[in-house]
Every structure is written in structure tokens, then in C-alpha cells.
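If you want the building blocks of each chain, they are given just below.
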Amino acid sequence: MNMGPQHPSAHGVFRAILTLEGETVVGVDAVIGYLHRCHEKLGETLTYVQYPSIASKTDYVAAMTAELAYVSAVELVGKIEVPKRAQWLRVLAAELQRVASHCLWLGTWCMDMGGALGGGATVFLYAIREREDILDLFEALTGARLLYGFHQPGGTRYDLPAGWAEQCRKALDRVERRLDEYEAMLDDNAFFLVRTQGVGIISRELAQEIGVSGPLLRGSGVNHDLRKAAPYSSYEDFQFRVPVETAGDCFARYRVRMVEFRESITIARQVLDGLPEGPISSRPGVKSVGQVRVPKGEGYARVEGARGEVGCYLVADGGPKPYRLKWRGASFSNLSVLPHILPGVKVADVVAIMGSVDPVFGEVDR
Amino acid sequence: MTLPPLAYHALVGFVVLNVVIGMVTYVTLLERKFAARMQSRIGPYYVGPHGLLQPIADAIKLMLKEDVVPTTADRWVYNLAPIVFLVPCVLIFATLPFAPGLGVADLNIGVLFFLAVSSLEIVGLFMGGWGSNNKYALLSAMRAVNQIISYDLPFVFAAFVPVVLAGSLQMSAIVAAQQGVWLGFVPKWFVVYPVIGQLAFVAFLVATLAAENRVPFDILEAESELVAGFRVEYSGMKFALIQLGEYAHMIGTSFLAALLFLGGWLGPGSEHALVGALWFLLKAMLVFLVVTWVRWSFVRIRVDQILAISWKLLLPASIVLLLATAFWVAARGGHGV
Amino acid sequence: MVSDGFWTETGQLVRAVGRAMGVTFKNLLRRPITVRYPTVKRVYPDRFRGLLALTYDPQTGEENCIGCRLCEYICPPTVIKVEMLKAEKRNFAKSFTLELYACEFCELCVQVCPTDAIIMMKSFDLATADRRELLLDKDRLHALGLQFDPSWATGNRLRDMQAPPKPAKAPAHAPEPVSAEQSSPDRRAPEAASAAQTSPDRRAPEPTSAEQSSPDRRASEAASAAQTSPDRRAPEPGEGAPTAKSE
């Protein structure tokens, strides 16, 4: 049976050819590449100044972290300093983006499980309502709602407008209150529990062997979060905890992400409370297309995106454009766990598992 | 009446049929608006003032659509299925008395007729799935048959609790048995009866949800997996007939619930037939809204879990409930509480 | 069948059901958040990245664009094509085409423009059934500049916002308070020493009225009309000469 590229719950363009015996899946053949847009080649033809706007299109649901991966790689290879304020702003953007991305995840996952005309759609609309609050914040900050172009090598491009901090705090309070509502709707819900507990278990060994990251890894008992293990962009300045669950099933990943919601809100509040003054970039404002030149070298920078480790390997040759750019998409590695956990589950569970893996195909296909 | 009885009854039936169809189309709008409000949005808004002409627009659209018949479909089965599905769903309204004297036929086996006819829709459903020659449709039709059969039993047992309490299968007699008040203001509706009434009502609602393929039991049409189930190959007017049948069945069981448990047309001023009919309508809509509320609050559960709930929980519970009611009535020395 | 586990489980089920239905009921009573576009438009923030347009100099009425082609070079999807027209005193753009259907709305062209000629508007209302109408030529771009509200972001403002503070110089004209900074070109500044002088002036001034927050989604456009910082918008039709002195 073909869960084709066009499917209400395929989370993007993804084709899974499932081999079924009755209602049980016995084999999976995953076909990707429907969204291949030559990001890595584009990285070679666009300069360091132009590419961050394009980088956001890899993980378009969590664009800030995708851009951050790229500019971190450029700054690593080019040994470009980033002012403290810019680093804190980047943290703020990344954490707000994580909240927004998880809102989308929750909504679409429940919609897959509950039907577009049913209880799932209710949670979807609530989650999107919360996401709209965050997107309004980003709109006031950068002018765009989904693909920002906020980062530049050396810092960020925009600074906070007047009154934004207040708006942000209010939005965070509102999201946090609504989170309580979602947990009330879902946490004890027997229907939800029977669909997610014990379903799609990724064992600890499997997770480490395949190389999944993010909530999939932390839901299987491995305490690995790049923000703590290899802090970047001033994450060591903030207090937050990393949720880890050991069950490895869909419910565990759900719990991990729900706690990540709250921790991201905490971090965002810490940033707002202590944001240092100063410039937002160590380089002049974008004036010409080739103004950033990176000397020869190569390096790999990684960030903890909403889906896992997003990394960018850059080979520079001294000019204004990279020589080679390689993206490590979190969803790509996360998806490769599917052939190991899908056999043996029922067709209805395939949907629940895909949702809890939360792939974004911009990252998978690049 | 000066008309011969056959013509008279045909006329009344015709009027009721039209009223029912009209009501069903507007109930879809009610559901959409209600669901929208629960989801922080407004429902249909632009067609007509506040969307009041939306069902008309939908009906016209469906009538104008091209009727696509799959070439490999079993023609007779495929074409007849919507009709076979619709007829029982509308026929149940024949036995519903909207007020004393206002109804098509107040059979003395009313409840039994209702329950029997309403389970005939399965035939139409399965015909649709089979005739479409589509493995998704067939799969979902089989699941649906499975589910509806499993839930028809608790449905019947829960519906029989008021029958036992009232001592008659005739619908107007059941309503009559709910007349009167306790303590001056608590109406003697069957749902108010301690424990038995509430449990029976809840069991009835759950069984209705499942027999009606409503979320959380709508594995039949799990859009994200089977995309509309047995209806997937139908378009245009045939699809409209199937939708009509489903909602008609839904309304019919809401009316039945209002009649069996909520006192039917009883209420202040119900001596006048029309006021009584209005009360009846209100109560049925209330039941319908509760069902809709449940629909928009839960994710669906897997088919094996649905069947487990029916056979392991709901059926034993409803049997026990019915027996308990019977013992209690017998202990009180007959009916009429 | 009737055991302790059964009753507790049923009790939990009933409680969970009640809680979920309670949440939906609570939302039933809340106001819907729908904004009935297009009869009601929400208030767009100042930095909204909408349609692109070319501007005139408010003092002289001339076109701002000098045909330097910086925007053409920086555009990632290369949707801008410019030809320069040399003239005495200053250059103009002989032709300026922008393929709006391929534009990414990344605002890089706005940021590099040395004369604030190309800007973005606070609107995106250009839906059309024919894609060719989205191939904007120079006249169309100028017309758009007069038709909608401009966004706050212009080239100089964006560059000043991003750049590290320069050594102190004479305060510029009103819209851009250059923060008087200590002279050390320490790019990695942000310590408290520098913070003392810069305080809130890193942020360029924004008209404070049109700050958008969610509950105000349904405010009418009257609120946003207060966007009046002095800018290089062309004079209103009838006020000065909207026609440029170009050929």
C-alpha cells in the first residue's frame, strides 16, 4: 500500500510504500526527494550575505535554527566574533521558534490521529492560534512570519523594536496558560493514551545506533541536548533543564516536547530579563553582496533545532562564496529510524508514529 | 378530514419527509457553526447572512457536480447503495411522534420498529463499499459493519431501559409515562431516575456515537488513513444522498434519545401540539449538540480498541443495567412510578 | 469484571473525558480570533515586509534610484534587473524590472540601497489572475510606492540598526539618532561600559502608535495611519511633481 506523496498525513511530500499483512505493516520502503531544491548547490552560488535568507527554507517550520546553523558555520570557519547582545537575541529567536515549531507539531499530530473533522482538528486550531501569537512577534521583529532572514554572519540583522519585550512577555504568558489546557485535554485522555503509549518504541540502542537526535533521542533515555552538551551562542548563560523520558514510545516523545515547550518559555524569559545592550552585529550592515569573505578552512557547526541536531559543514576557499556546503538535516536522520520501528505495527499506528517523529521535508530533501 | 385515509397519510408522510430533509440540511450548518465556535473561529459566514444559506449552496453544488462512476464498479450495487442507505435512515422518522397526534404513525411497537429499521442502513453501507470496487472502500465498509453490529446490541439494551420503565413499546406511551413532576419542579424524565437513568442515557449516547460512525469511533472514515471510507467513490448527488442519510440517522437517534430519556414533548405549555413539538425539537437539538461536542473533543481510537470497548465494557454494562431495571420495576409492582 | 481496577479505570476515563470536554466548552465561550479579511484588516507591524516599490525624494520630487545595481547583485533569486542611465550630476535607472512572482521578500535589496530608493510596503494586496501583472516595471513600482503605506525599513535605517556603533559624529537629522559612542572601534563591545551611553537608542525610532498586538487584530486601519515619521516618500499627488525628471 502506498502512502503516497500526497497524503493528508504525510507531513510534507513523503512516500512510504508499506507492505501489509492484513492490518499489520511488515515492510517499509521510504522514498524521499520530492522536495529537493539543491540547497547545497545554491550554497556554492550564493554568497555568505545572501544565503542566510535561503537557509531558513531548509527547515521552514523552525527557520531560525536553520539560519543559525549556517551562520554559525560561517563564523566558525571565518573566526568572526559575535557580540553578546546578538548571541542573546539569537537564543531568544531560537527558543521562540522552538515553541512555534512544537505548536505546529502538536496540532498536526493530533489532527492526523483525530481526523480533520474531529477532535484532532480542535487541538490543531488551538495550537495554530498559539503559534500565531509567536509569529506575530516575529513579524514585529523582522517583518516576515515564516522565513525570516534574521541572521547574518557576525550577528543579527534586526534589533528589538520599542515595546516588543512587553508584547513578548504577554505572548509567552498566554502560551503558557494555553499549554495547561492542552495538557488537560490530552495527558490523561484515555483515547490519546491508548493510541500513543507503547506505540513506536525506539530503544536506546537503536536510537544511538541510527543517529537520531532531538526529542526522539531524549524520549528514548539518552540525555543529549546540544544546548548543554556543546553550548553555542551563550546558551551556557541560561538555566534550563533537559527533559528525558525512558519509555521510547510516542507518548514519551510527546512528554519530552511538552516539557521543552515550558523550558523554552523559561529561557526566553531569562533572555528578556537580562538582555545586554550593545551592537547586534560585529560587521557593518549589509551593503554589498560580497562583503563577507571567509579565509580558507573548513568546519562543522551544529545547533539544537526543534527536531534535533541541525548541522552545517562549510568548506571555504577565501572568496565571498563557500566552496562546499553540506547540510545535516535533523529530520533526515530521524526518518531513517522508520524501517526499524514500523514493521509490526498496525496501519493506524503508522500515522501516530510519523507524527511523533515530526519530519520536515525541507530538511530531509534539502 | 375529507381525504381518503390513504391519501391523508401519504400527504402527512410527504410533509414530514420534507420537513425532515430540510431540518437535516440545516443541522449540518448548526454543527459547523457550533464546532467553529469551539475552535475559536466562526463557521460559514459569507453565504447569506451569517452563513444561513450555506446548506442551500452546498446542496446546489452537489446537484451540479458530475457523477463519476468507476468503470469497474458493480453498477447495480453501486447505484442502489445510496438509496438503500437513505431509505431506512428517513423511514425511522415515520414512527416518531412529534406531539400527541402529530406524527405519521404511532405504532404500538414503535421503538422496536425504529431500532430494527435503523440497523438496515448497514446493508446500504456495505453495498456502497462493495460496489465501489476499491480496496479502501471495502476495507472501511468491513470495519463499519463490524463496528455497527457490535454496537447495535448495547444500543438496543440501553434503549430498552425506558421501555421497561414505561412498560410499553409505543412511543407516545413512553412519553406519557414521563409526565408529572416530583417535588414540584423535578420533571419525571427517565434520565432523572437515580443511577439507572443517567447510566442508560450515557450508554445510549456512546452506542449512538459508535453506531453512527462518529468520532471518537469514526475509524470508518479516518480521513488521514482511508480518506472518507466507503463513500470515497461517490460524487455529486449520490454523495449528497449518503450524507443526508447519515445526518438523518443522527437526528433520528437524537430525537429518539430526547423521547426516551428527556421526556419528548413534555414541558411547560405542552398541551398545545405545536409547543410540544417545539420542546421536542429543542431537546433533540440539545442531544445533538452534546454529540457534536464530544465529536470535536477527542481523537479517534483504533478499530480493535473500539470493538474491545463494545464487547468488554458496554455490552455487559448495558445488560446488567437492563436486568437491574427489570428487577426494580418488578419489585415496585409494575410500572408507573 | 467488577473489580477495583475496573472502577478506578472507569473513574479516570470519566474524569479525562470531562476535562477534555471542559476545555472545548471553555473555548466555545471565548471570542473567535478570526479576522474577517478583507472587510476587516489587521494592523500590520511597522517592519512588515510587503510589496516592493520605488520612491521619490520628498524634497525635490526626483526619483531616488541612482541605478547603481547593488540590489540586482544582492538579490538571491536574481529577480531585479536594472539598467543605469548616466546623466549630469547624478545617475538614474533607465529601466528597472522586478519579478514579484519570484521574489523571496528577504529585504536584502532594501538593505543595500544607498539612497533608500527601493522599499517595502505594509501591504501585500496585489493578487492577480495573470502572472504577467506581477512583472513590475519602473512605472508600476513607482505607482505602488504611492499607493500603499511604506514599511519602516529603509536601507539606511536597516544598515544603521545592524552596524556596530560608529565613533561619535554630529547628530544626524531626526529619523536616525546615531548613538554617540565611545571612539574605540571595539566591535565586540557589548559590555556595560558601552551600554551606559547607548541605552535605548540602538533601536531606531518607530512610530509608537501602530504597535501591533494580538487582541488588536481587528483594529481598523485608522490606527496604522499614524505612521508619519519623516521619510522619503514621494509627495502626495497634487502636492509636488510626482513625475520624475528622467527620460
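Just so it is clear, the structure is predicted and the values come from calculations on it, not from any experiment.

Colleague: Pulling in residues and values, what's your account of the overall build of chain A?
Modeller: The helix and strand tally for chain A stands at 15 helices and eight strands. Along the first, second and third principal axes, the C-alpha atoms of chain A reach 60 × 40 × 35 Å. For chain A, buried positions account for 61% of its 366 residues. Sequence-distant contacts in chain A: of pairs separated by 6 or more residues, those separated by 24 or more amount to 72%.

Colleague: Outline the environment of Arg262 of chain A, listing residues and values.
Modeller: Residue and element names in this part refer to chain A. With respect to the helices and strands, the residue Arg262 is situated in helix H11 (residues 250-274). Assessed through the 17 C-beta atoms surrounding it within 10 Å, Arg262 is described here as partly exposed. It is 23 Å that separates the C-alpha atoms of Arg262 and Val212, two residues lying 50 residues apart in sequence. In contact with Arg262, other than residues within four places in its own chain, are Glu176 and Leu179.

Colleague: I'd like a description of the nonpolar core, backed by residues and values.
Modeller: Membership of the largest hydrophobic core comes to 250 residues, with the highest contact counts inside it found for Ala207 of chain B together with Cys109 of chain C. At 17 residues, the largest contribution of residues to this core is made by helix H4 (residues 84-114) of chain A.

Colleague: Tell me about the sheet that holds strand E2 (residues 80-85) of chain C, and please be specific about residues and values.
Modeller: All names here are of chain C. Across the sheet, which stays open at both edges, the three strands sit in the order E2-E3-E5 with antiparallel pairing between neighbours. Whereas interior strands pair on both sides, the edge strands pair on one side only; in this sheet they are E2 and strand E5 (135-136). Sheet analysis places E2 next to strand E3 (residues 92-99), joined by six bridges and oriented antiparallel. By the bridge assignment, Ile80 is partnered in E3 with Leu98.

Colleague: Explain the pairing of strand E6 (residues 297-304) of chain A to me, using residue names and the numbers behind them.
Modeller: Residues and elements named next belong to chain A. Bridging between E6 and strand E7 (residues 309-316) involves eight bridges; their strand directions are antiparallel. Each residue of the ladder has a partner; that of Val303, found in E7, is Val310. Linking two consecutive strands that pair antiparallel, namely E6 and E7, is a turn of four residues; a positive phi of about 145° is found at Gly308 within it.

Colleague: Please give an account of the packing of helix H6 (residues 135-166) of chain B against helix H8 (residues 196-211) of chain B that cites residues and values.
Modeller: The angle between the axes and the distance between the axes are what describe a pair of packed helices. All names here are of chain B. As a packed pair, H6 and H8 sit with axes 8 Å apart at the nearest point and diverge in direction by 155°. Relative to H8, the element H6 lies roughly antiparallel. Every pair of crossing elements has a handedness; the one defined by H6 and H8 is left-handed. Between H6 and H8, the contacting residues are Gln147, Ile148, Tyr151, Asp152, Pro154, Phe155, Ala158, Ala159 and Val161 on the first element and Ile196, Ala200, Ala203, Phe204, Ala207, Thr208, Ala210 and Ala211 on the second. Here the contact of H6 with H8 is composed, by residue class, of 14 nonpolar, two polar and one charged.

Colleague: I'd love a proper account of the sheet that holds strand E8 (residues 322-328) of chain A, names of residues and values included.
Modeller: Adjacent strands of a sheet form backbone hydrogen bonds with each other and so pair up, either parallel or antiparallel. Residue and element names in this part refer to chain A. Here we have three strands laid out as an open sheet, ordered E6-E7-E8, and antiparallel in their pairing. Strands with a single pairing partner mark the edges of an open sheet, and in this sheet they are E6 and E8. Neighbour-to-neighbour, the strand axes of this sheet turn through a mean angle of 15°, independent of strand direction. When E7 meets E8, the two strands line up antiparallel, connected through six bridges. Looking at the pairing, Tyr313 lines up with Lys326 of E8.

Colleague: Outline the interface of chain C and chain A, supporting the account with residue identities and numerical values.
Modeller: At the junction of the two partners, chain C supplies 51 residues and chain A supplies 46 residues. Elements represented by at least two residues in the side of chain C that touches chain A include exactly helix H1 (4-28), helix H2 (70-74), helix H3 (108-112), helix H5 (155-162) and helix H6 (192-198) of chain C. By residue number, the principal contributor to the side of chain C that touches chain A is H1 of chain C, which donates eight residues. Per-class residue counts for the side of chain C that touches chain A are 24 nonpolar, 12 polar and 15 charged.

Colleague: Talk me through the environment of Glu88 of chain C; I want residue IDs and the actual numbers.
Modeller: By the element assignment, Glu88 of chain C lies in the loop between E2 and E3. Overall, the presence of 5 C-beta atoms within 10 Å leaves Glu88 of chain C in the exposed class.

Colleague: If you had to explain the packing of helix H6 (residues 164-186) of chain A against H11 of chain A to someone new, which residues and values would you point to?
Modeller: Residue and element names in this part refer to chain A. Their axes nearest at 11 Å, the elements H6 and H11 cross at an angle of 160°. The angle between H6 and H11 places the two elements in the roughly antiparallel class. Helix-helix and strand crossings are classified by hand; for H6 and H11 the assignment is left-handed. On the side of H6, the interface is formed by Ala165, Cys168, Arg169, Leu172, Val175, Glu176, Leu179 and Glu183, while H11 contributes Met258, Phe261, Arg262, Ile265, Ala268, Arg269 and Leu272. Class assignment of the residues belonging to the contact of H6 with H11 gives a composition of 10 nonpolar, no polar and five charged.

Colleague: Describe the confidence of the model for chain B, naming the residues involved and giving the relevant values.
Modeller: When pLDDT is low, close inspection of the predicted coordinates is not appropriate. Taken over all residues, the pLDDT of chain B has a mean of 82, while the share at 70 or more is 92%. Interface predicted TM-score (ipTM) for the complex: 0.82; the corresponding pTM is 0.81.

Rules and cut-offs
- Residues numbered from 1 in each chain as written.
- Chains lettered and ligands numbered in written order.
- Predicted model: local features only at pLDDT ≥ 70, side-chain atom pairs only at ≥ 80, totals over all residues.
- Helix = DSSP H or I, 4+ residues; strand = E, 2+ residues; numbered from the N terminus.
- Buried ≥ 20, exposed ≤ 12 C-beta atoms within 10 Å, placed from the backbone.
- Contact = placed C-beta atoms within 7 Å.
- Core = buried A, V, L, I, M, F, W, Y, C linked by C-beta atoms within 7 Å.
- Pairing = 2+ DSSP bridges.
- Axes fitted to C-alpha atoms, helices over the stretch in contact; angles between N-to-C directions.
- Parallel < 35°, antiparallel > 145°, perpendicular 65-115°, else oblique.
- Left-handed = near helix turned anticlockwise from the far one by under 90°.
- Nonpolar A, V, L, I, M, F, W, Y, C, P; charged D, E, K, R; others polar.
- pLDDT = per-residue confidence, 0-100.

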